[in-house]
Amino acid sequence: MLVIIKENYDEMSKEAAKQVAALVRKKPDCVIGFATGSTPLGLYKELIRMHKEEGLDFSKITTFNLDEYVGLPPEHPQSYHYFMWENLFNHINVNPSNVYIPMGMADDIDAFCEWYENKIKEVGGIDLQILGIGANGHIAFNEPGSSLGSRTRIKTLTEKTRQDNARFFSSMEEVPKYAITMGVGTIMEARRLLLLASGTSKAEAIRATVEGPIMAKYPATIVQLHRYATVIIDKDAASKLEADYS
Ligand code: PGA
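Let me sum up the structure you'll find in this document. For clarity, every value in this text was computed on a predicted model and none was experimentally measured. (Residues numbered from 1 in each chain as written. Predicted model: local features only at pLDDT ≥ 70, side-chain atom pairs only at ≥ 80, totals over all residues. Heavy atoms only, no water.)

Focus on the site of the ligand
What counts here: Nearness is judged by heavy atoms alone; a residue qualifies as near a molecule or strand once a single heavy atom is within 4 Å of it. Under the rule applied, a polar contact is a pair of N or O atoms within 3.5 Å (in protein, one hydrogen donor and one hydrogen acceptor; residues adjacent in sequence only if both atoms are side-chain atoms). Shrake-Rupley sampling with a 1.4 Å probe provides the accessible areas, and residues are treated as covered by the protein chains on show and by no other component.
Residues in contact with the ligand, as listed here, are Gly37, Ser38, Thr39, Gly132, Ile133, Gly134, His138, Arg167 and Lys202. In the environment of the ligand, an oxygen atom lies 2.4 Å from a nitrogen or oxygen atom belonging to the side chain of Thr39. One of the side-chain N or O atoms of His138 is found 2.7 Å from an oxygen atom in the ligand. When the ligand sits alone it has 280 Å² of accessible area, and the protein chains cover 79% of it.

A look at the packing of helix α1 (residues 9-26) against helix α2 (residues 41-54)
Counted only if it meets this: Axis definition: a line fit to C-alpha positions, over the contact stretch in the case of helices; interaxial angles, taken between N-to-C directions, run 0 to 180 degrees. Numbered from the N terminus, helices here are DSSP runs of H or I no shorter than four residues, and strands are runs of E no shorter than two. Any angle that is under 35 degrees is reported as roughly parallel, and any over 145 degrees as roughly antiparallel; angles of 65 to 115 degrees are reported as roughly perpendicular and all others as oblique. Two helices crossing with the near one rotated counterclockwise from the far one by less than a right angle form a left-handed crossing, whereas a clockwise rotation gives a right-handed crossing. Whether two residues are in contact is decided by their heavy atoms, any of which lying within 4.5 Å being enough. Under this grouping Gly is polar, as are all residues other than the nonpolar Ala, Val, Leu, Ile, Met, Phe, Trp, Tyr, Cys and Pro and the charged Asp, Glu, Lys and Arg.
Packing of α1 against α2 brings their axes to within 8 Å, and their N-to-C directions diverge by 50 degrees. By the criterion of interaxial angle, the relationship of α1 to α2 is oblique. As for the relative orientation of α1 and α2, their crossing is right-handed in sense. Residues Tyr9, Ser13, Lys14, Ala16, Ala17, Lys18, Val20, Ala21 and Arg25 of α1 lie in contact with α2, whose contacting residues are Leu41, Gly42, Leu43, Glu46, Leu47, Met50 and Glu54. Partitioned by chemical class, the residues of the contact of α1 with α2 number nine nonpolar, two polar and five charged.

Some thoughts on the pattern of salt bridges
Threshold: For this analysis, a salt bridge means a side-chain nitrogen from Lys or Arg found within 4 Å of a carboxyl oxygen belonging to Asp or Glu.
If you walk through the whole model with that rule in mind, you get 17 salt bridges. Residue Glu15 pairs with Lys6 through a salt bridge whose shortest N-O separation is 3.8 Å. Through salt bridges that share partners, Arg25, Glu46, Arg49, Glu53 and Glu54 make up one connected network.

Brief notes about unusual backbone geometry
So the rule is basically this: Buried, partly exposed and exposed residues are distinguished by accessible area as a fraction of the type maximum, computed with a 1.4 Å probe on protein chains only: under 20%, between the cut-offs, and over 50%, respectively.
Here Ala140, not a glycine, exhibits a phi torsion of approximately 50 degrees, which is positive. Mapped onto the secondary structure, Ala140 falls in the loop between β6 (128-131) and β7 (153-156). On the accessibility criterion, Ala140 (10% relative accessible area) is buried.

Re the sheet that holds strand β4 (residues 67-69)
How we decide: Strand pairing is assigned whenever DSSP identifies at least 2 bridges connecting the two strands.
Strand order in this open sheet of three strands is β4-β8-β7, and the pairing throughout is antiparallel. Each edge of the sheet is formed by a strand with only one pairing partner; in this case those strands are β4 and β7. Between one strand and the next, the sheet's axes are offset by a mean angle of 30 degrees, whatever the strand orientation.

A few points about the pairing of β6
Judged by which residues are buried, β6 turns out to be covered on both faces: Leu128 and Ile130 on one side and Gln129 and Leu131 on the other are all buried. Summarising the sheet, β6 and strand β9 (residues 192-197) pair through four bridges and their orientation is parallel. Of the residues in β9, the one forming a bridge with Ile130 is Leu194.

Points about the environment of Leu196
When you line up the elements, Leu196 lands in strand β9. Since its relative accessible area comes to 1%, Leu196 is described here as buried. Taking the C-alpha atoms as reference points, Leu196 and Ile233, 37 residues apart in sequence, are found 5.6 Å from one another. Residues contacting Leu196, with those up to four places away along its chain left out, are Met12, Ala16, Thr39, Leu43, Leu131, Gly132, Ile133 and Ile232.

Section: the nonpolar core
Grouped burial of nonpolar side chains is what soluble globular proteins tend to show. Going by this rule: Working definition of a nonpolar core: buried Ala, Val, Leu, Ile, Met, Phe, Trp, Tyr and Cys residues. They are joined through side-chain atoms within 4.5 Å.
The biggest cluster of nonpolar side chains holds 69 residues, and the ones touching the most others in it are Phe34, Leu47 and Ile206. Contact partners of Leu47, with chain neighbours within four places excluded, come to Ala17, Val20, Phe34, Leu56, Phe58, Leu88 and Ile92. Grouped together as the second largest cluster of nonpolar side chains are nine residues, Leu72, Tyr80, Ala166 and Ala179 included.

Some words on the packing of α2 against helix α3 (residues 80-87)
Remark: α2 packs on α3, axes separated minimally by 10 Å, with the N-to-C direction vectors making an angle of 40 degrees. The angle between the axes of α2 and α3 places the two elements in the oblique class. Taken together, the residues of α3 that come into contact with α2 (itself represented by Leu41, Tyr44 and Ile48) are Phe83, Met84 and Asn87. Grouping the amino acids of the contact of α2 with α3 by side-chain chemistry returns five nonpolar, one polar and no charged.

Such coordinate-based values are descriptive only and should not be taken to indicate function.
This is how it looks when you write it as structure tokens:
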């Protein structure tokens with residue numbers, strides 16, 4: 001695991017963008033796994049800038065998102081479909097037919113999850129998966145206790161995650177209770193992982209992920225077993241690490 005500690009959120013985002021851009025230049029038809037949440041917003045801003053100012057070409061990439069709320073239609077402002085188009089896809093030249101985001105409104109969710117897994121295989125697998133991390137150590141919506149070999153499936157959100165996300169909804173009742181999420185096993189099959197975290201609220205989860213034992217209580221800890229995992233964090237998120245990563 002390569003741990004890169006940057007001075008602040010901005011530097012973390014720029015480092016992540018540099019790594020994503022290097023892949024897109026080297027392999028224009030690469031498959032990128034995207035994440036939602038506030039953490040990757042700076043990365044997406046920088047990718048948009050690189051597209052507009054430096055001509056970074058996304059026309060041949062294929063994308064898969066990690067997760068989506070069950071019951072929110074794509075046009076709902078809190079859906080992850082909406083988030084991705086608003087914060088990235090509308091501003092770069094991605095081909096809409098190469099964009100895959102779990103369908104929270106699917107009639108048969110189990111069948112959809114199987115289709116999603118097969119689609120990832122069909123395009124040759126994910127080259128680079130971007131990840132955030134929850135304060136409770138979740139990756140995507142794989143909450144504490146998730147099976148470390150899990151595949152794309154429906155998950156019940158924990159109260160903690162619902163509370164963390166309640167700020168985006170007008171009331172707690174509106175916060176969805178379920179989500180479709182790639183499994184921990186699905187994520188681990190990506191050829192490279194890029195996990196980002198910023199701020200002291202993530203420091204404990206980062207300590208567990210980088211230096212703690214691997215355990216289902218912190219699903220992100222499995223990343224230690226990945227051959228090509230890079231963790232890019234700011235100083236605050238790194239504040240509980242004990243080893244020297246300089
Ligand atoms: P955040 O969420 O980037 O909004 O902190 C990350 C996550 O919960 O995975």
